[in-house]
Amino acid sequence: MRIKLHYEGTSAQDAPGWAQTLEAQMSKQLGPLLVKHGAEDSVLHATLGKPKRGSKAFTVRLHMHLPGKKIIAASAEGADPVVASEAAMARLFREAKKHFELLRGQDQYKRKARRERLQALKEQIAALPEAVATQAQQGIEALLQRLEAVARRELAYLRAVGDLPSDYPTVRDVVDEAAAATKAAWQPGADPEAVYRQLLKNLFKAIDREVAASRQYGEAVSLDAPVPTDAQDDAESMVEEELYEYYQPDDTLSIADVLPETVEAAAESTDQPAAAERAGEQAYVVDVLKDLPVAWRRALLLAELDALAHAAIAEVLDTSERSVVGWIEQAQSFVEARLKDAGIVRPTGEGRVRLTLWLQGGGR
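This section reports on the structure supplied with the text. (Residues numbered from 1 in each chain as written. Predicted model: local features only at pLDDT ≥ 70, side-chain atom pairs only at ≥ 80, totals over all residues. Heavy atoms only, no water.)

## Regarding the sheet that holds strand E2 (residues 43-49)
Formally: Whether two strands pair comes down to DSSP finding at least two bridges between them. Comment: elements are numbered from the N terminus, with helices defined as DSSP H or I runs of at least four residues and strands as E runs of at least two. Fitting a line to C-alpha atoms yields each axis, with helices limited to the stretch in contact; the angle taken between N-to-C directions then spans 0 to 180 degrees. Residues are treated as being in contact if the distance between any of their heavy atoms lies within 4.5 Å.
In space, the four strands of this open sheet follow the order E1-E2-E3-E4, with mixed pairing throughout. Either end of the sheet is taken by a strand with one partner, and the two such strands are strand E1 (2-8) and strand E4 (70-78). When the angles between neighbouring strand axes are averaged without regard to direction, this sheet yields 15°. The pairing of E1 with E2 spans seven bridges and is classified as parallel. Pairing of Lys 4 across the sheet is with His 45, part of E2. Along the sheet face, helix H1 (residues 18-28) touches E1, E2 and strand E3 (58-66) and points at about 140° away from the line of E1.

Structure, rendered in structure tokens:
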């Protein structure tokens, strides 16, 4: 836990010991609460200001980002900055506790909804003839390794941008649900590639449901109640805090989360300097892909890394082949522009960036 201090119309000399007092106040309740919920890396932004020149009153404003794309804020005013900080910290603690309770309820709801979906699928599977169920099980098991690689990659990207928490759902959760949905709708004599496309389609549906369930619940607001102060205006009034108005998940996306075999191959290379340079470029490409819209990224990676034809991708993503072509073109243009900005040269002889060359070690 860190505290980032800001002064507005005042200075540290006007309130000696304020920083130390703030740390002590944070360690009493808020700190243990953050540790309990795995948010110990959160940064508390504290601003000490004086609303008017010559005023003896101090204003303390606090805000911080919490898991679940949530910004909590609290403020208090008083002649003593220590007393004002205590009041603001108490309010911030209540907001944090309320948010974590909401997340806990949300998590229970997500897990309950998933159990209900799996139970319904199991009932459908139980109704299948034994021969059909056996054929489905064998056909699906042969494709699970390919499916798990896609699931691991997709979850890594969605967690990197903050759309999913770090611990749920797991790769096994979404793969099991995709397999169950595919088995429940099994068509005897299906081609393995057709089965794989159906598995991918059900996988993305399962993941998208979890993303939707992870979004914050809205809270009812009375139409007769006074309009609250605009939180964005409050944030903009804080010195040097404009950059922290929005939720900022971890920007680091490890290439090992997406293509672990690439890291191993690079580490085994005899040309260590060149291998290190390629690994850096690969990691940059992986991180650039994080910034793509979800549909663009899925279409591009399915084409590049999974070698699916445009028609197959259209089936998986439940869209038209024309849309898939457009998404891939736009994604390639985006990636190419970012590589150019970074001074990374495209692979020799390639008119378009080919991710397979970058991500599988063939960079230049």
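Here the narrative resumes, following the displayed structure.
## Some thoughts on the packing of helix H5 (residues 144-160) against helix H7 (residues 192-214)
Quick note on the threshold: Roughly parallel means an angle under 35 degrees; roughly antiparallel, over 145; roughly perpendicular, 65 to 115; everything else is oblique. Rotating anticlockwise by less than a right angle from the far helix to the near helix defines a left-handed crossing, while the corresponding clockwise rotation defines a right-handed one. Gly is put with the polar residues, along with every residue not named as nonpolar or charged; the nonpolar set is Ala, Val, Leu, Ile, Met, Phe, Trp, Tyr, Cys and Pro, and the charged set is Asp, Glu, Lys and Arg.
At their nearest, the axes of H5 and H7 sit 11 Å apart, and the two run at 25° to each other. Looking at the two axes, H5 sits roughly parallel to H7. Judged by the twist between their axes, the crossing of H5 over H7 is right-handed. Together, Arg 146, Leu 147, Val 150, Ala 151, Glu 154, Leu 155 and Leu 158 of H5 and Glu 193, Tyr 196, Leu 199, Leu 200, Leu 203, Phe 204, Ile 207 and Val 211 of H7 make up the contact between the two elements. The residue makeup of the contact of H5 with H7, split by class, is 12 nonpolar, no polar and three charged.

## A closer look at the pattern of salt bridges
As a reminder of what qualifies: Whenever a carboxyl oxygen of Asp or Glu lies within 4 Å of a side-chain nitrogen of Lys or Arg, that contact is scored as a salt bridge. Exposure classes here rest on a 1.4 Å probe applied to the protein chains alone. A residue is buried below 20% of its type maximum, exposed above 50%, and partly exposed in between.
Counted according to the given criterion, the structure contains 14 salt bridges. Measuring nitrogen to oxygen at the nearest pair gives 2.7 Å for the salt bridge that ties Arg 117 to Glu 177. Of this pair, Arg 117 sits in helix H3 (residues 81-126) while Glu 177 sits in helix H6 (residues 171-184); the two residues are 60 residues apart in sequence, bridging distant segments of the chain. Between Arg 298 and Asp 208 there is a salt bridge; the shortest N-O distance is 2.8 Å. Within this pair, whereas Arg 298 is found in helix H12 (residues 294-304), its partner Asp 208 is found in helix H7, the two being separated by 90 residues in sequence. A residue is classified by how much of its surface remains accessible, and Arg 298, at 7% relative accessible area, is buried. Beyond isolated ion pairs, a larger network of salt bridges with shared partners links Arg 117, Glu 177, Arg 209 and Glu 210.

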